[in-house]
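# Working through the structure, step by step
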Amino acid sequence: MVLKAKSVFLFLFIYHLSFCQTTYIESVIANECIVCTNEKKVKVSQNLWHQAHLAFEKKKYEKTIELLLKDVESNVCLKKLLKGNVFFRLKLYDKSLMLFKDEVLLNHRKYHLAALKGISEYYLVKNKDSAVIYYNRILNEKNLPVRLRNEVYEGIAYVNVTEEKFDEAHFFYEKLLSFYKKEQDFLSLGRTYTNLGNSYFEQYKDNKAKKYLDSAYVVSKVTNNQKLRSRIAYNLYLVSEALKEHKEAVQYLKEYNILQDSIQTEKTIWKIAEQKEAFNLEKKQVEIDQKTKQRNVFVVFSLVILLLLLAIFWFYKKLQLKHQQIGILNEELKETNALKNQIFSIVAHDLRSPVALLKQKFQLQTVNEEDETITIDKNVVSIIDSLSFLLDNLLSWSLSQSNLLHVEKDWFPLLPVVKQIEHQYKSLLADKEIVFKIENLYSVLLFGDMELFKIVVRNCLDNAIKFTPKGGEITISGVAESEFFKLIIQDSGTGIPEDVLKTLFELNAKKAQKDTQGRKSSGLGLHLVKSMIELNNGTIQIQNNPRGGTNVNISVPYKNIA
């Protein structure tokens, strides 16, 4: 009978210990409320954290979670701490442990002790050896709060009692008694007296057990805590029975039953409320999960739409770019066709005059065949030379425009090239009685394609002869300028009008001007000259001579002959 009583007694002892173990965490939560701690007046409706921790104290856990979800201003770690305690109170232990073990919370300077305490309470229910490990970890912390230290002492003492290490347990209980007496904390004092009495009763030291339980009974009268008084009364009943003090045992049992009826009513109401809170909390969580799922679906759908729009926009921009490129190619094609038409019109224009002259000369030959045969033959040769020169220019121009012209650069002497071209134009110079001079071209080597350079000089000299009147003068000279040699072709001709000079290298048949014999020049040769000289890494500049005539300045890389 005694052993059975002791077993029931130990059950009440264990249940009682789990009753008062989280007051430190509650104090941390309450101390973070600015409404409770700040002297300034703050509207309760404006502080969700205040409402949340009040709801927690009133055991309205569903309301607590709802307020935490709305609270976006409070510290995230603090909210995790409160939520973990809500789950612990609702016996959702695994969820509470997951929150207490959050790395951010454990590493937080201000809340890590409360998180360690929460983990300890979890293991006090699930694994007492692990609970002791975490209790010792807390005790190793610096500047440990007194309340937390005392709660850890109670936890360690409780584990020692369950493992029948009574001396170790009494060591911690005596420390707690000393402190609680000094602080006059009657509720904690009554609980500690009760725990000591229970531990002695477990050791069959009934007299000592009765002594501590009597002290607990006296202290419990001051606290007016019905749960504590009920447990002390029942424990005194068991001890009195063991000591064969039956009369006192009956009185304690009656008191216990009266208190227990009151507590049971309250407990039933609380249990129903707790179950309702747990059900509502789970329902709320399901709603939250459903809303989260809907939100995630909406986000994914929005991202898909956004990606689709971006893809459409990308294809649109690509098509737009293609359209622009096609437009540019169309414009280039139009310009090419226009250039082709211009070239044909220029060729037709330039070929018409020599052909007409040939026709005229042959008609004259048939009229007066015997007297002017030699003269006609000479003119015909001149006209044919002109046609040949035009066709050469046209061929060179077309090759340069189609990138088929082969350029082969090397060093060549300047003077022999000019002398060769002079010889080709000797008869034309003589016919117009033009004085031709060559100056300062000795000992000069140019770098480039010699044949292309010949085309350049030949076209420039041809233009000079055309626009120089009978008895005029043409001079080819040169001057060294840094790494370039400037070849100057100067004539005493009619010069070039300023409006024509500005657009001299633009291919346009409308700006053609007449030479000294009244023939029009299209300017095709100048375009050819510009292309040839650029292929030889040189430049060309044409300007009017203030003393009359035109200066053509051609600059190409050079070196002197050693």
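Residues numbered from 1 in each chain as written. Predicted model: local features only at pLDDT ≥ 70, side-chain atom pairs only at ≥ 80, totals over all residues. Heavy atoms only, no water.

### So, empty space enclosed by the protein
Defined as follows: Points on a 1 Å grid, built from protein atoms alone, make a cavity when a 1.4 Å probe fits but cannot get out and make a pocket when they are open with protein on both sides within 12 Å along at least 5 of 7 lines; residues with an atom within 4 Å of a point are the lining residues. Grid points are joined across faces, edges and corners, and a volume is the space filled by probe spheres set on the points. Secondary structure elements are taken from DSSP: a helix is a run of H or I of four residues or more, a strand is a run of E of two residues or more, and numbering for both begins at the N terminus. Residues are sorted three ways: Asp, Glu, Lys and Arg are charged, Ala, Val, Leu, Ile, Met, Phe, Trp, Tyr, Cys and Pro are nonpolar, and all the rest, Gly among them, are polar.
One pass over the structure, following the stated rule, counts 2 cavities of 30 Å³ or more. The computed volume of the second largest cavity comes to approximately 30 Å³. Residue lining of the second largest cavity: Glu 26, Ile 29, Ala 30, His 53, Phe 56 and Glu 57, and that is the complete set. Elements with a minimum of two residues in the lining of the second largest cavity: helix 2 (23-31) and helix 4 (48-57). Its residues assigned to classes, the lining of the second largest cavity shows 3 nonpolar, 1 polar and 2 charged.

### A look at helix 20 (residues 450-466)
Test applied: Expected span, for any helix, means 1.5 Å times one less than how many residues it has. Only protein chains enter the accessibility calculation, which uses a 1.4 Å probe; a residue is then buried when its area is under 20% of its type maximum, exposed when over 50%, and partly exposed in between. Pairs of N or O atoms within 3.5 Å make up the polar contacts considered here, provided that, within protein, one atom can donate a hydrogen while the other can accept it, and that residues adjacent in sequence are counted only when both atoms are side-chain atoms.
End to end, helix 20 covers 24 Å across 17 residues, agreeing with the expected 24 Å (1.5 Å per residue, within 8%). In terms of burial, helix 20 is a largely internal element, 14 of the 17 residues being buried. Two or three places before Glu 451, at the start of helix 20, stands the capping residue Asp 449, its side-chain oxygen 3.1 Å from that residue's backbone nitrogen.

### Topic: a nonpolar patch on the surface
Rules: Every patch collects residues that have over 30% relative accessible area and no salt bridge, joining them within 9 Å if they carry like charges and within 5 Å if they are nonpolar side chains (Val, Leu, Ile, Met, Phe, Trp, Tyr). Where accessible areas are quoted, they stem from the Shrake-Rupley method and a 1.4 Å probe; at the residue level, only the protein chains shown are allowed to cover. Salt bridge, as applied in this entry: a Lys or Arg side-chain nitrogen positioned within 4 Å of an Asp or Glu carboxyl oxygen.
Together, Phe 298, Val 299, Leu 303, Leu 306, Leu 307 and Leu 310 give the surface a local cluster of nonpolar side chains, amounting to about 600 Å² of exposed area. Mapped onto the fold, Leu 307 is located in helix 16 (residues 246-367). Judged by its relative accessible area of 56%, Leu 307 is exposed.

### Focus on helix 11 (residues 146-162)
Taking 1.5 Å per residue, 17 residues should reach 24 Å; helix 11 reaches 25 Å between its end C-alpha atoms and fits that length. Residue Glu 164 follows helix 11 closely and has a positive phi angle near 60 degrees.

### A closer look at the pattern of salt bridges
In the structure shown here, the tally under the stated rule is 16 salt bridges. Here Asp 462 ties to Lys 466 by a salt bridge, and the two come within 3.4 Å at their closest N and O atoms. Placement of the pair is Asp 462 and Lys 466 together in helix 20, with a separation of 4 residues, close to one helical turn. Among the residues examined, Asp 462 registers a relative accessible area of 9% and is labelled buried. Here Glu 481 makes a salt bridge to Lys 486, at a shortest N to O gap of 3.2 Å. For Lys 486, a relative accessible area of 19% gives the class buried. Through salt bridges with shared partners, a single ionic network connects Lys 117, Glu 121 and Glu 151.

### Observations concerning unusual backbone geometry
The backbone of Lys 91 sits at a positive phi, close to 65 degrees, despite the residue not being glycine. Structurally, Lys 91 is set in the loop between helix 6 (76-89) and helix 7 (93-100). Even without being a glycine, Glu 164 presents a positive backbone phi close to 60 degrees. Along the chain, the position of Glu 164 falls in the loop between helix 11 and helix 12 (166-183). A residue is classified by how much of its surface remains accessible, and Glu 164, at 61% relative accessible area, is exposed.

### Quick notes on the confidence of the model for the chain
What counts is decided by this rule: A residue's pLDDT is the predictor's confidence in that residue, given on a scale from 0 to 100. Whether two residues are in contact is decided by their heavy atoms, any of which lying within 4.5 Å being enough.
With 77% of its residues at a pLDDT of 70 or more, the chain has an overall mean of 79. Taken together, the stretch residues 1-5 has pLDDT below 50 and engages in 3 contacts with residues farther than four places along the chain or on a different chain. When the criterion is pLDDT under 50, residues 7-21 qualifies, and its contacts beyond four places in sequence or with other chains add up to 35 contacts.

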